[in-house]
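Residue-level structure breakdown
Each chain, written out:
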Amino acid sequence: MEVTKNTANPQEPAYVQFEGFSKEESQELSKAGVLIGTLEQVKAWARSNSLWPLTFATACCGIEMMGTGAAHYDLDRFGIIFRASPRQADCIIIAGTITKKMAPILKRLYDQMPEPKWVVAMGSCATAGGPYVRAYSVVKGADQIIPVDVYIPGCPPSPPALIYGLNKLQEKIRLEAKGKKVR
Amino acid sequence: MAIRTEELLMNIGPQHPSTHGVLRVVVKVDGEIIVDAEPVVGYLHRGTEKLAEDLQYTQIIPYTDRLDYLASMINNHAIVGAVEKAMDLEVPERAEHLRVIVAELQRIASHLVFFGTYLLDLGAMSPFLYVFAEREKIIDLFNRLCGARLTFNYMRVGGVKWDTPEGWVEEAKQFVQHLKKQMDMYHELVTGNEIFLNRVKGIGKFDTETAINFAMSGINLRSTGFNWDLRKNKPYSIYDRFDFDVVVGENGDCYDRYMCHLKEIEQSLRIVEQALDQIPEGPVMGKVPKILRVPAGEYYSAVEGARGELGVYIVSEGKDKPYRLKFRRPSFVNLQLLPKLLVGQSMSNLIAILGAVDIVLGEVDA
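Residues numbered from 1 in each chain as written. Chains lettered and ligands numbered in written order. Predicted model: local features only at pLDDT ≥ 70, side-chain atom pairs only at ≥ 80, totals over all residues. Heavy atoms only, no water.

Going by an unreviewed UniProt entry, chain B carries the name NADH-quinone oxidoreductase subunit D and comes from Tumebacillus lacus. The annotation that UniProt attaches to chain B under Subcellular location (unreviewed entry) is "Cell membrane". Here is the UniProt Catalytic activity (unreviewed entry) comment for chain B, exactly as written: "a quinone + NADH + 5 H(+)(in) = a quinol + NAD(+) + 4 H(+)(out)". (UniProt positions renumbered as here; feature names shortened; annotations may be inferred.)

For chain A, the name recorded in an unreviewed UniProt entry is NADH-quinone oxidoreductase subunit B, with Tumebacillus lacus as its organism. Reading the Subunit (unreviewed entry) entry of the UniProt record for chain A gives the comment "NDH-1 is composed of 14 different subunits. Subunits NuoB, C, D, E, F, and G constitute the peripheral sector of the complex." Per its UniProt entry, chain A bears the Sequence similarities (unreviewed entry) comment "Belongs to the complex I 20 kDa subunit family."

Remarks on the environment of S26 of chain A
Tracing the backbone shows S26 of chain A in helix α1 (residues 23-31). Taking the C-alpha atoms as reference, S26 of chain A lies 7.0 Å from Y15 of chain A; in sequence the two are eleven residues apart. (Helix = DSSP H or I, 4+ residues; strand = E, 2+ residues; numbered from the N terminus.)

Structural notes on the interface of chain A and chain B
Counting residues at the interface gives 34 residues for chain A and 32 residues for chain B. When chain A packs against chain B, close to 2,900 Å² is buried across both sides, 66% of that on carbon and sulfur atoms. Per-residue buried area on chain A facing chain B is highest for I63, K101 and Y132 of chain A; these three make up 21% of the total on that side. With a closest N to O distance of 2.8 Å, E64 of chain A and R149 of chain B form a salt bridge. Applying the counting rule to chain A against chain B returns twelve residue pairs in polar contact (both at pLDDT 80 or more). For the side of chain A that touches chain B, the elements supplying multiple residues, two or more each, are α3 (60-69) and α4 (103-112) of chain A. The element that contributes the greatest number of residues to the side of chain A that touches chain B is α3 of chain A, accounting for five residues. Class assignment of the residues belonging to the side of chain A that touches chain B gives a composition of 23 nonpolar, eight polar and three charged. (Contact = heavy atoms within 4.5 Å. Buried area = accessible area lost by both parts, 1.4 Å probe. Salt bridge = Lys/Arg side-chain N within 4 Å of Asp/Glu carboxyl O. Polar contact = N/O pair within 3.5 Å; in protein donor to acceptor, adjacent residues only side chain to side chain. Nonpolar A, V, L, I, M, F, W, Y, C, P; charged D, E, K, R; others polar.)

Remarks on the environment of Y63 of chain B
All names here are of chain B. Assignment of secondary structure puts Y63 in helix α2 (residues 57-65). The class of Y63 is buried, set by a relative accessible area of 12%. Considering only alpha carbons, one finds Y63 and G204, 141 residues apart in sequence, at a separation of 33 Å. (Buried < 20%, exposed > 50% of the residue type's maximum accessible area, 1.4 Å probe, protein only.)

Focus on helix α11 (residues 254-278) of chain B
Given 3.6 residues to a turn, an α-helix orients residues that are three or four positions apart in the same direction. Compared with the 36 Å implied by 1.5 Å per residue over 25 residues, the 36 Å span of α11 of chain B between its first and last C-alpha is a close match. For α11 of chain B, the buried fraction is high: 19 of the 25 residues fall into the buried class. (Expected span 1.5 Å × (residues − 1).)

Considering the sheet that holds strand β3 (residues 53-54) of chain A
All names here are of chain A. On the basis of which strands lie adjacent, the open sheet formed by four strands has the order β3-β4-β5-β6 and parallel pairing. Lying at the two open borders of the sheet, with one neighbouring strand each, are β3 and β6 (150-152). Examined bridge by bridge, strand β5 (residues 118-122) and β6 share three bridges and lie parallel to one another. Bridging across to β6, M122 finds its partner in I152. Its contacts with the sheet put helix α6 (residues 159-177) on β4 (91-95), β5 and β6, and the angle it makes with β5 is roughly 155°. (Pairing = 2+ DSSP bridges. Axes fitted to C-alpha atoms, helices over the stretch in contact; angles between N-to-C directions.)

So, in structure tokens, the structure goes:
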């Protein structure tokens with residue numbers, strides 16, 4: 001929902017232009033403090049603000065993920081609270097290298113998560129194999145196993161980068177509810 | 001009439017927050033009591049040693065960062081120390097001091113993470129938040145020094161890559177004073193807690209003989225009362241110039257290992273303090289050839305890592321790349337005693353014992 005402001009007449013209060021409503025109707029609704037959206041949009045708004053990721057820390061990125069969740073960067077303020085069970089998780093942050101031995105377990109964890117679910121590939125190992133791309137035992141990117149929504153580059157990404165990536169995921173959830181295609 | 005019981009096979013991990021990564025433990029339980037336990041490793045095997053065979057010595061350094069990712073600086077120290085020893089290279093004084101400072105700060109950071117995660121495993125959430133705030137300060141110091149937060153790639157064969165930025169030494173001194181005060185608070189908050197003591201005292205006990213037979217090192221060995229620290233017994237770098245005590249335990253139980261970690265932080269702070277006071281001016285990089293060629297032969301060199309003796313074994317054919325590179329990874333060696341420790345314990349003690357052995361899976365699997 002976007003707030004419309006009349007730049008020609010600054011005296012007129014800002015309002016939200018709702019789809020299928022005239023300008024006057026929208027202004028009246030905004031004045032009364034009423035918001036109108038589809039159920040999908042409201043659900044997406046709620047989901048994006050209570051993302052519960054699964055603690056899936058395989059390697060170094062996991063330490064940065066822990067650091068982001070701890071006191072200094074505090075992921076809780078975005079409603080992001082780590083869960084230990086895939087049954088309770090909305091999204092999975094793949095933090096670290098996925099080896100060929102680990103790949104079936106990643107797939108299984110993904111299958112165990114309830115819909116709707118999202119995947120964040122954190123760091124260059126989960127994105128494309130990273131520094132271990134030439135190793136015999138490493139999967140060249142988590143997207144070879146499960147679909148990935150957001151890729152975060154870095155080895156490992158700094159906590160601000162992880163927060164930015166998670167904010168992008170929240171944005172994606174909200175935009176998709178509006179029927180927009182997000183790549 | 002006796003109640004019929006049967007053994008149950010349980011699978012812990014590889015995705016389990018208390019296994020500190022991707023360790024899998026297959027335990028056979030009879031009710032609450034563990035009858036048999038088998039750790040399964042290899043979920044993070046990335047083939048570092050094989051990759052190193054195709055890399056020049058300088059290119060191997062960033063891979064060592066990712067072995068024991070809680071103590072990257074010490075891993076850097078191990079590999080550059082081994083190459084320097086093999087090539088007989090001189091390192092400038094300032095670089096040696098910087099190495100000791102960052103290695104000890106890294107040891108503090110690593111032990112702090114142990115402290116936080118161990119208590120998290122035992123059910124106390126807040127220490128984790130406290131120590132990560134402290135660790136963030138160390139990481140900030142490192143970040144200013146070399147621009148990275150976790151995988152530093154700071155040391156080079158013949159010295160270190162960057163000199164300190166302006167005011168860094170003063171900031172580090174302030175941090176040392178700050179952490180000294182914090183340590184008293186941690187002891188006050190956690191060490192005397194009765195619930196905590198009941199969870200760790202007398203749990204996971206082993207004696208010196210067992211530890212030596214299993215080639216254990218580091219805190220796991222010292223907690224049994226055996227005084228063995230490579231920084232004292234086989235001084236490398238410039239550790240012989242500093243005044244510090246080797247922390248030893250008595251009983252070799254989880255409580256002793258916990259106390260050794262905390263006391264070692266205090267000793268490391270002493271070393272950092274002395275090194276910061278003594279640090280001389282001068283270059284940080286010695287004279288080294290552009291392409292490093294280790295003379296043909298076999299070389300072993302070890303440093304006291306955060307988890308034990310971290311050794312690097314180089315087999316060279318005189319080329320710029322090693323023929324074979326072997327890391328003696330303390331976490332992997334220390335883990336071998338785990339099945340013996342777990343038998344006869346209850347399931348809830350599994351987490352306490354596993355946590356106190358203090359493993360990092362990046363190092364176990366390499």
